[in-house]
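# Structural features, examined
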Amino acid sequence: MTNDDLSPVPGLAAPDYSKLKSYLISAITRELEALNPASDQRGAIIAKSMAEAYAQTRLQLSDSIRETLFQDIRNEILGYGPIQPLLDDPDVSEVMVNSPKSVYVEKKGRLIKTNIVFDDNEHIQRVIERIILPLGRRIDADSPMVDARLPDGSRVNAVIPPVAIDGASITIRKFSKDKLSINQLIEFGSITSGMAEFLQACVIGRLNILISGGTGSGKTTLLNVLSSFIPEDERIITIEDADELRLQQEHVLRLETKAPNVENRGAVNIRDLVRNSMRMRPDRIVVGEVRGGEALDMLQAMNTGHDGSLTTIHANSSRDAMSRLETLVLMAGMDLPIKIVRQQISSAIDLIIQQSRLKDGTRKVTAITEVAGMEGDVVVLSDIFKFEQSGVDSNGKVIGQLKPTGIRPLFGPRLEAAGFKLSPEVFGASVADILASNRQRR
């Protein structure tokens, strides 16, 4: 691979392109520093300064090359450098910068290598600094990892040496600017109308719900959709590491963790926020993700009158979610017997929703499971709905069906008390079953 192959424009070697771009950026930056324009005037000043600085070079680049150059410069000064076009692309759901010459994206569930390049590792680190500077976060050799977010809510994770062996790395999880609705999830095949009706009843009926799934499976998206069912007259407190939830209600109080300062003091973690939220008169507590000792505080909140709470957890199945929750509770440092931990879990959690990303890149709810109590030392789980895969078509698309299992949940009376009398068909009963049941009643 030659230098020309790595150039953003054909026919112009990458080192020459990089030098020209650096020269113009330096000239424009000096102009901005001298004028210090208001934010709404920066674009015009940059355009004028860029045209003047380019004219002084006496270069005669083609219109297409010049426009590519100017756009790259605008991205460097006003945006996030080479990855700005990827952030602007609505089809890109994730951006992964592995090294200056290795940038991948996820599109429609599939990983694709792009032709985007950075000048060097320092170039990547400058973009990282631009992302975290407005948030008051820091990244250096003593604190080489950082979580942050972009103004549009996209989640950012950055890692630099010494822990990143091959150089600085950026991973950005983008979130759709348009809020998804339950009807759109039905259209996408992520969920059925019967499952949607059931979940709406569970949220309004104030069941405690745990959304389980792997990385990138769509847990936060589903949490956002389910939270839309929370009534407007309830006070909701959200707790997150990085602000990702987009609740539509008016009475929402958002809390976010705080990293320690340069003296390693002043950190506020999820556990601190969960404890504090219980003194803030919440009707609902929504935790973006439980991943540590805060799991115990969350369960205690659920068990002491804070019904209708929602949270997510990293796990590959409903049973794995229970095991992981046990582990997280033990991380709280309390010397609790495992049976007591399981009793806490079984009495706190009512429902587990398993969200999965399938091999073809599609995201589906693959199981909705009731936590049905304890039998001896074991938490009893009952699948209410389940995805049954039957094969893969010639295009690699997974074939299967989301089906009710025929089991009605034990918490049915709670849903009826909340005003939801779900039809037997929701749980898989046939017309013949319903007629037979009616005859038995008579």
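Now for a description of the structure that goes with this document. Just so we're clear, the structure is a prediction, and the values are computed from it rather than from any experiment.

Now for the overall build of the protein. Helix and strand counts for the protein come out as 14 helices and 15 strands. Seen along its three principal axes, the alpha-carbon backbone of the protein occupies a region of about 95 × 55 × 40 Å. A buried classification covers 47% of the 442 residues belonging to the protein. Residue pairs at least 24 apart in sequence account for 52% of intrachain contacts in the protein once pairs closer than 6 positions are excluded. On the protein, roughly 22,400 Å² of surface is accessible, and the fraction owed to carbon and sulfur atoms is 50%.

If you want to describe how two helices pack, look at the angle between their axes and the distance between the axes. Contact pair helix 9 (residues 270–277) / helix 10 (residues 294–302): the axes reach a minimum separation of 8 Å and the direction vectors enclose 15°. Our classification of the angle between helix 9 and helix 10 gives roughly parallel. At the point where helix 9 passes helix 10, the crossing takes the left-handed sense. Contacts between helix 9 and helix 10 involve I270, R271, V274 and R275 on the former and, on the latter, E294, L296, D297 and M298.

All right, on to the side chain of T220 then. Among the secondary structure elements, T220 is positioned in helix 8 (residues 219–227). Relative accessible area serves as the criterion here: at 13%, T220 is assigned to the buried category. Excluding its chain neighbours within four sequence positions, the residues that come into contact with T220 are F175, E244 and L245.

Before going further, it helps to examine the sheet that holds strand 2 (residues 102–107). Spatially, six strands are ordered 3-2-1-6-5-4 in an open sheet, and the strand pairing comes out antiparallel. The open sheet terminates on both sides in strands that have one partner only, identified here as strand 3 (110–113) and strand 4 (145–149). Across the sheet, the mean angle separating the axes of adjacent strands is 15° when strand polarity is ignored. Bridging between strand 4 and strand 5 (residues 155–159) involves five bridges; their strand directions are antiparallel. Directly across from M145, in strand 5, lies its bridge partner V159.

Our next topic: the nonpolar core. With 39 residues, the main nonpolar core has F198, I209, L226, L351, I353 and I368 as its most contacted residues. Put simply, the parts of the chain that give this core at least two residues each are helix 6 (182–188), helix 7 (193–204), strand 7 (209–213), helix 8, strand 12 (351–357), strand 13 (363–375), strand 14 (378–392) and strand 15 (398–404). Among the elements that line this core, the one with the most residues is helix 7, at seven residues. Look past the residues within four positions of I368 in its chain and what remains in contact with it is M195, F198, L199, L351, I352, I353, S382, D383, I384 and F385. Judged by nonpolar contacts, the second largest core, of 32 residues, contains L255, I285, L296 and V379.

With 16 residues, helix 3 (residues 63–78) should reach 22 Å at 1.5 Å per residue; the first-to-last C-alpha distance of 22 Å fits that figure. Turning to helix 3, its buried residues number three or more, namely I65, L69, F70, D72, I73, N75, E76 and I77.

Further remarks concern the environment of M280. Topologically, M280 is positioned in the loop between helix 9 and strand 10 (284–287). Relative accessible area serves as the criterion here: at 19%, M280 is assigned to the buried category. Through-space distance from the C-alpha of M280 to that of R235 is 9.5 Å; in sequence the pair is 45 residues apart. Filtering out sequence-adjacent residues up to four positions away, M280 remains in contact with R235, I237, L253 and L255.

Okay, the sheet that holds strand 15 next. Overall, mixed pairing links the nine strands, which are arranged 9-8-10-11-7-12-13-14-15 in an open sheet. Each of the sheet's edge strands pairs with one partner strand only, and the pair in question is strand 9 (252–256) and strand 15. Averaged over all adjacent pairs, the angle separating strand axes in this sheet is 25°, with direction ignored.

Another aspect to go through is helix 10. Most of helix 10 is tucked away: eight of the nine residues are buried. Listing the buried residues of helix 10 in full gives E294, A295, L296, D297, M298, L299, A301 and M302. In this structure, the buried side of helix 10 is in contact with helix 9, strand 10, strand 11 (310–314), helix 11 (318–330) and helix 12 (338–348).

Tallied over the entire structure, the rule returns 23 salt bridges. With its nearest N and O atoms 3.7 Å apart, the salt bridge here joins K339 to D377. Linking K339 in helix 12 with D377 in the loop between strand 13 and strand 14, this pair joins segments that are 38 residues apart in sequence. K339 sits in the partly exposed class, given a relative accessible area of 37%. A residue is classified by how much of its surface remains accessible, and D377, at 43% relative accessible area, is partly exposed. Note that K386 is salt-bridged to D383, the shortest N-O span being 3.5 Å.

Conventions used here
- Residues numbered from 1 in each chain as written.
- Predicted model: local features only at pLDDT ≥ 70, side-chain atom pairs only at ≥ 80, totals over all residues.
- Heavy atoms only, no water.
- Helix = DSSP H or I, 4+ residues; strand = E, 2+ residues; numbered from the N terminus.
- Buried < 20%, exposed > 50% of the residue type's maximum accessible area, 1.4 Å probe, protein only.
- Contact = heavy atoms within 4.5 Å.
- Areas by Shrake-Rupley, 256 points an atom, 1.4 Å probe, with all protein chains shown as cover.
- Axes fitted to C-alpha atoms, helices over the stretch in contact; angles between N-to-C directions.
- Parallel < 35°, antiparallel > 145°, perpendicular 65-115°, else oblique.
- Left-handed = near helix turned anticlockwise from the far one by under 90°.
- Pairing = 2+ DSSP bridges.
- Core = buried A, V, L, I, M, F, W, Y, C linked by side-chain atoms within 4.5 Å.
- Expected span 1.5 Å × (residues − 1).
- Salt bridge = Lys/Arg side-chain N within 4 Å of Asp/Glu carboxyl O.

Spatial relationships are all this shows, so hold off on functional conclusions.
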